[in-house]
Every structure is written in C-alpha cells, then in structure tokens.
Amino acid sequence: DAMVIQNPRYQVTQFGKPVTLSCSQTLNHNVMYWYQQKSSQAPKLLFHYYDKDFNNEADTPDNFQSRRPNTSFCFLDIRSPGLGDAAMYLCATSRDIRAGAQTQYFGPGTRLLVL
Amino acid sequence: DQQVKQNSPSLSVQEGRISILNCDYTNSMFDYFLWYKKYPAEGPTFLISISSIKDKNEDGRFTVFLNKSAKHLSLHIVPSQPGDSAVYFCAASNTGSTLGRLYFGRGTQLTVWP
C-alpha cells in the first residue's frame with residue numbers, strides 16, 4: 001500500500017518554464033518535507049510544513065515555493081527552472097517533529113530533467 | 001558543513017558475510033539516528049533507528065551500534081544478501097529542536113555479490 005505518493009515519477013521541463021511536482025500521503029502525518037537530491041549527494045532539505053506552518057531552509061532559492069492545501073497534499077513549485085535544478089525531488093512525511101515521532105517516510109521521488 | 005559523514009562511498013561484500021557501514025557525526029546535540037536504504041529510482045526506505053540512550057538496536061539481520069563518545073555509529077548486516085545491494089544513508093537529528101530536521105550523510109553504495 002502506497003503511503004507517500006509522488007507524481008509524476010519523471011518530469012521533463014524547459015529552461016525557465018514553471019513546473020509543479022506533487023506529493024500526497026495516506027499516513028495522516030502532520031509534517032511534510034521536500035528534499036532535493038543530486039547524484040552522489042545527501043538529500044538536501046528545501047522546506048517543510050508542520051501542519052500549516054511553513055518552514056523554509058535559509059539556503060533554499062526563492063525560485064522554489066511550496067503549497068500545502070490540506071493534510072494529505074503538498075506541492076513543490078519551481079517558478080523558473082534552471083539547468084542546475086535537474087535533480088531527484090523527494091517528498092517525506094513524519095508524524096510529528098517532536099521526540100519519538102521524527103522518523104521520516106519517503107515517497108519514490110520525482111526525477112526532474114530541465115532541457 | 002557536513003554534520004553527518006559517511007566516508008566510504010562504496011562497500012563490496014560476499015553473500016553470507018557481514019556488511020559493516022560506518023557513519024560519523026560532528027554535532028553533539030544529535031540524539032536520534034536512522035539508517036535508510038535506497039534502491040535506484042526509488043525513495044529512501046526507513047531501515048532502523050537508535051536513540052542516544054541506547055548503544056545498540058537490533059532488528060532481524062540489521063543491528064545499529066552507537067558510540068556517543070566517538071560520535072560514531074555503524075550498521076551491521078548479517079548475513080548479507082544480494083537483495084541488500086543498495087545505497088545506505090545515515091541520518092541524525094536533534095529531538096530537542098523544534099524543527100525535526102534530519103541531517104543526512106552522502107550515502108554508501110553496498111554491493112553484495114554471490
């Protein structure tokens with residue numbers, strides 16, 4: 001049973017053309033995260049939502065935005081993708097941010113290619 | 001600044017033998033540690049975790065050891081199986097933080113050969 005679902009699995013976009021990646025979860029978790037992962041690197045946290053509270057990492061470019069319209073869904077918007085934004089984008093959830101509930105569960109990822 | 005380090009990018013082990021994956025961290029505030037396994041074209045899958053109040057946690061073939069004084073943890077897989085071939089990520093967090101952030105290492109590619 002899929003618990004964290006990401007669509008699409010592969011996304012091709014053109015340089016500068018806005019793109020939206022989606023994530024949904026059936027775990028009813030409070031926290032949803034977006035990570036960017038490039039080859040042979042650690043996943044890099046972009047931002048996360050704790051319920052409706054948005055938390056942006058200090059080094060996340062303004063080009064990246066996120067929306068969480070309800071508990072189940074979270075979107076990653078890349079307003080003007082550059083070649084350097086080609087990566088795997090991972091969505092994850094956790095029950096809470098407090099001790100004992102911080103294990104994160106990941107979706108399969110969306111591989112973004114920028115032409 | 002990489003707060004979680006996996007210094008071995010790859011490890012090759014024969015089937016049936018023990019695989020030992022290592023991880024070091026620099027932040028003494030970290031008190032919760034996790035290992036994730038990742039197959040190609042898939043997201044990381046949670047494998048096992050350990051709290052800093054313990055020095056060992058076991059789940060089937062997987063055991064994680066924590067040495068707080070050395071800021072070092074390791075994942076032991078016994079016996080190793082070809083299906084264990086994947087990238088293994090070590091992650092750490094400070095459960096006292098309000099952000100619930102995980103810090104990841106770069107991963108170690110484990111290859112288990114028959």
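Residues numbered from 1 in each chain as written. Chains lettered and ligands numbered in written order. Predicted model: local features only at pLDDT ≥ 70, side-chain atom pairs only at ≥ 80, totals over all residues. Heavy atoms only, no water.

## Brief notes about the pattern of salt bridges
- This model, assessed by the stated rule, comprises 5 salt bridges over all chains.
- Of the charged contacts in the structure, one is a salt bridge between Asp59 of chain A and Lys44 of chain A, with a shortest N-O distance of 3.4 Å. Placement of Asp59 of chain A in the loop between strand 6 (53-56) and strand 7 (64-67) and of Lys44 of chain A in strand 5 (residues 44-50) is noted, with a sequence separation of 15 residues between them.
- Classification of Lys44 of chain A by relative accessible area gives partly exposed; the value is 28%.
- One salt bridge in this structure joins Glu57 of chain A and Arg101 of chain B, with 3.0 Å as the shortest N-O distance. Remark: Arg101 of chain B occurs in the loop between strand 9 (86-93) and strand 10 (103-104) and Glu57 of chain A occurs in the loop between strand 6 and strand 7; the pair is interchain, linking two chains.
- The buried category is assigned to Glu57 of chain A, whose relative accessible area is 13%. (Salt bridge = Lys/Arg side-chain N within 4 Å of Asp/Glu carboxyl O. Helix = DSSP H or I, 4+ residues; strand = E, 2+ residues; numbered from the N terminus. Buried < 20%, exposed > 50% of the residue type's maximum accessible area, 1.4 Å probe, protein only.)

## Things to note about the nonpolar core
- Ranked by size, the top nonpolar core spans 23 residues in total, and within it Phe33, Trp35, Leu73, Leu75 and Tyr88 of chain B carry the most contacts.
- Counting only elements with at least two residues in this core, the list comes to strand 3 (19-25), strand 4 (32-38), strand 5 (45-51), strand 7 (62-67), strand 8 (72-77), strand 9 and strand 11 (108-113) of chain B.
- Broken down by element, this core gets its largest block of residues, 4 residues, from strand 9 of chain B.
- By size, the runner-up hydrophobic cluster in this structure holds 18 residues, among which are Leu21, Cys23, Trp34 and Tyr49 of chain A. (Core = buried A, V, L, I, M, F, W, Y, C linked by side-chain atoms within 4.5 Å.)

## Observations concerning the sheet that holds strand 7 of chain A
Residues and elements named next belong to chain A.
- Pairing in this open sheet of 4 strands is antiparallel, and the strands run 1-3-8-7 from one edge to the other. Here the strands that pair on one side only, and so sit at the sheet edges, are strand 1 (4-7) and strand 7. Mean inter-strand twist for the sheet, computed between neighbouring axes without regard to direction, equals 20 degrees.
- Bridge count between strand 3 (residues 19-25) and strand 8 (residues 73-78): 6 bridges; the pairing is antiparallel. Following the sheet pairing, Ser24 is matched in strand 8 by Phe73. (Pairing = 2+ DSSP bridges. Axes fitted to C-alpha atoms, helices over the stretch in contact; angles between N-to-C directions.)

## Some words on the confidence of the model for chain A
- With 96% of its residues at a pLDDT of 70 or more, chain A has an overall mean of 92.
- For chain A, per-element mean pLDDT is lowest for strand 6 of chain A, which scores 89, and highest for strand 3 of chain A, which scores 97. (pLDDT = per-residue confidence, 0-100.)

## Let's talk about the interface of chain A and chain B
- Across the contact, 24 residues belong to chain A and 23 residues belong to chain B.
- Interface area, chain A with chain B, both sides summed: about 1800 Å², of which 56% is carbon and sulfur.
- For the chain A face of the interface with chain B, the top three residues by lost area are Gln102, Thr103 and Phe106 of chain A, together amounting to 27%.
- Scanning the region where chain A abuts chain B turns up 5 residue pairs in polar contact (both at pLDDT 80 or more).
- Those elements that provide at least two residues to the side of chain A that touches chain B are strand 4 (31-37), strand 5, strand 9 (87-94) and strand 10 (105-106) of chain A.
- The dominant element in the side of chain A that touches chain B, judged by the number of residues it contributes, is strand 4 of chain A, at 3 residues. (Contact = heavy atoms within 4.5 Å. Buried area = accessible area lost by both parts, 1.4 Å probe. Polar contact = N/O pair within 3.5 Å; in protein donor to acceptor, adjacent residues only side chain to side chain.)

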